[in-house]
Amino acid sequence: MLKTRIITALILAPLAIGGIFFLPPLGFALFTGAIITLGAWEWANMSGIAAPAARVAYALVVAAVLYGLLNVPAVAVLWLALFWWGLCFLLVRSYPAGSERWGSVPARAIMGLLVLVPAWVGLNHIRTGGFEFGDSTNNLLVILYVFCVVWVADIGAYFAGRAFGKAKLAPRVSPGKSWAGVWGGLVAVAVFAVIIGMLASATVAQSVLLVIASLFTGLVSVLGDLLESMLKRFRGIKDSSQLLPGHGGIMDRIDSLTAAIPVFALTITLIGWLTAGQW
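What you see is a predicted model; the values in this text were computed from it and never measured.

Caption draft 1: Just the overall build of the protein, in detail. Summing up its helical and strand segments, the protein has 10 helices and 4 strands in all. Along the protein, helices (α) and strands (β) appear in the sequence α-α-α-α-α-α-β-α-β-β-α-α-α-β when read from the amino end. Based on the C-alpha atoms only, the size of the protein along its principal axes is roughly 50 × 45 × 40 Å. Residue burial in the protein is summarised as follows: out of 279 residues, 51% are buried. Within the structure as shown, the protein displays about 13300 Å² of accessible surface, and the carbon and sulfur contribution to it stands at 73%. If you average the places of the 17 positive and of the 10 negative side-chain charges in the protein, the two averages end up 10 Å apart.

Okay, structure coming up:
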């Protein structure tokens, strides 16, 4: 299994790096749209759509929605995402109570749209927008930063959880996660944000705002992970798919990012560091 994981990672890493960091904006939109469409194919199964043709149809519907949003103001979609992740907190917190209200196939399919579409919109808003923080104006570094916030939060949560993780965060959804892991992840994110602020020659005020935005993003990213865990548990499956040998599915790799990206994009837009761009 370890060998399979390593081989898969060695193949995917250059593809992901090339697609995200070396494509022009339209190529970036197509590349990330393809990833989201594959994620939609997996979400169809988590929604209870089992027929292969129906899963493909759901993925194509999501792709069509992405295309229809190419010229729609991103901020409206990002506000919707913020509201959605606030609602997800209540859904995850109450599980399994309340599942009769969202457990139908159509309801879970709509949930997929609310998870996947804003993530794509947020990514492309960052990619095409005007950005300025400290002495940095590189949009691609913003994308790398939000990825790193999620990764740093995961690493901090892993070590803090192993050392102090007795109080469980959401045992009915994801028994392995603990409150100590959450706090450890947030501490790691705060330290990371301070370091980045220094490297970008940011003012004290900018650095403080970056820490706050990053902590909020890191906290919401936990919801992305928990929501997918809840859907898989409800569906009775372990992985979203087997598209990535040794790693499960695409959604298993991007669940936290689907929450973090739109929230961070909206936050730095409201602060004034990111402005809407054009294709």
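Caption draft 2: View of the packing of helix H7 (residues 139-164) against helix H10 (residues 250-271). Direction vectors running N to C along H7 and H10 enclose 130 degrees, while the axes themselves pass 10 Å from each other. The angle between H7 and H10 falls in the class oblique. The element H7 and its partner H10 pack so that their crossing is right-handed. Taking contact as the criterion, the partners of Val142, Tyr145, Val146, Phe147 and Val150 in H7 are, on H10, Ser256, Leu257, Ala260, Ile261, Phe264 and Ile268.

Rules used in this analysis
- Residues numbered from 1 in each chain as written.
- Predicted model: local features only at pLDDT ≥ 70, side-chain atom pairs only at ≥ 80, totals over all residues.
- Heavy atoms only, no water.
- Helix = DSSP H or I, 4+ residues; strand = E, 2+ residues; numbered from the N terminus.
- Buried < 20%, exposed > 50% of the residue type's maximum accessible area, 1.4 Å probe, protein only.
- Areas by Shrake-Rupley, 256 points an atom, 1.4 Å probe, with all protein chains shown as cover.
- Lys, Arg positive; Asp, Glu negative; His and termini not counted.
- Charge placed at Lys NZ, Arg CZ, Asp CG, Glu CD.
- Axes fitted to C-alpha atoms, helices over the stretch in contact; angles between N-to-C directions.
- Parallel < 35°, antiparallel > 145°, perpendicular 65-115°, else oblique.
- Left-handed = near helix turned anticlockwise from the far one by under 90°.
- Contact = heavy atoms within 4.5 Å.

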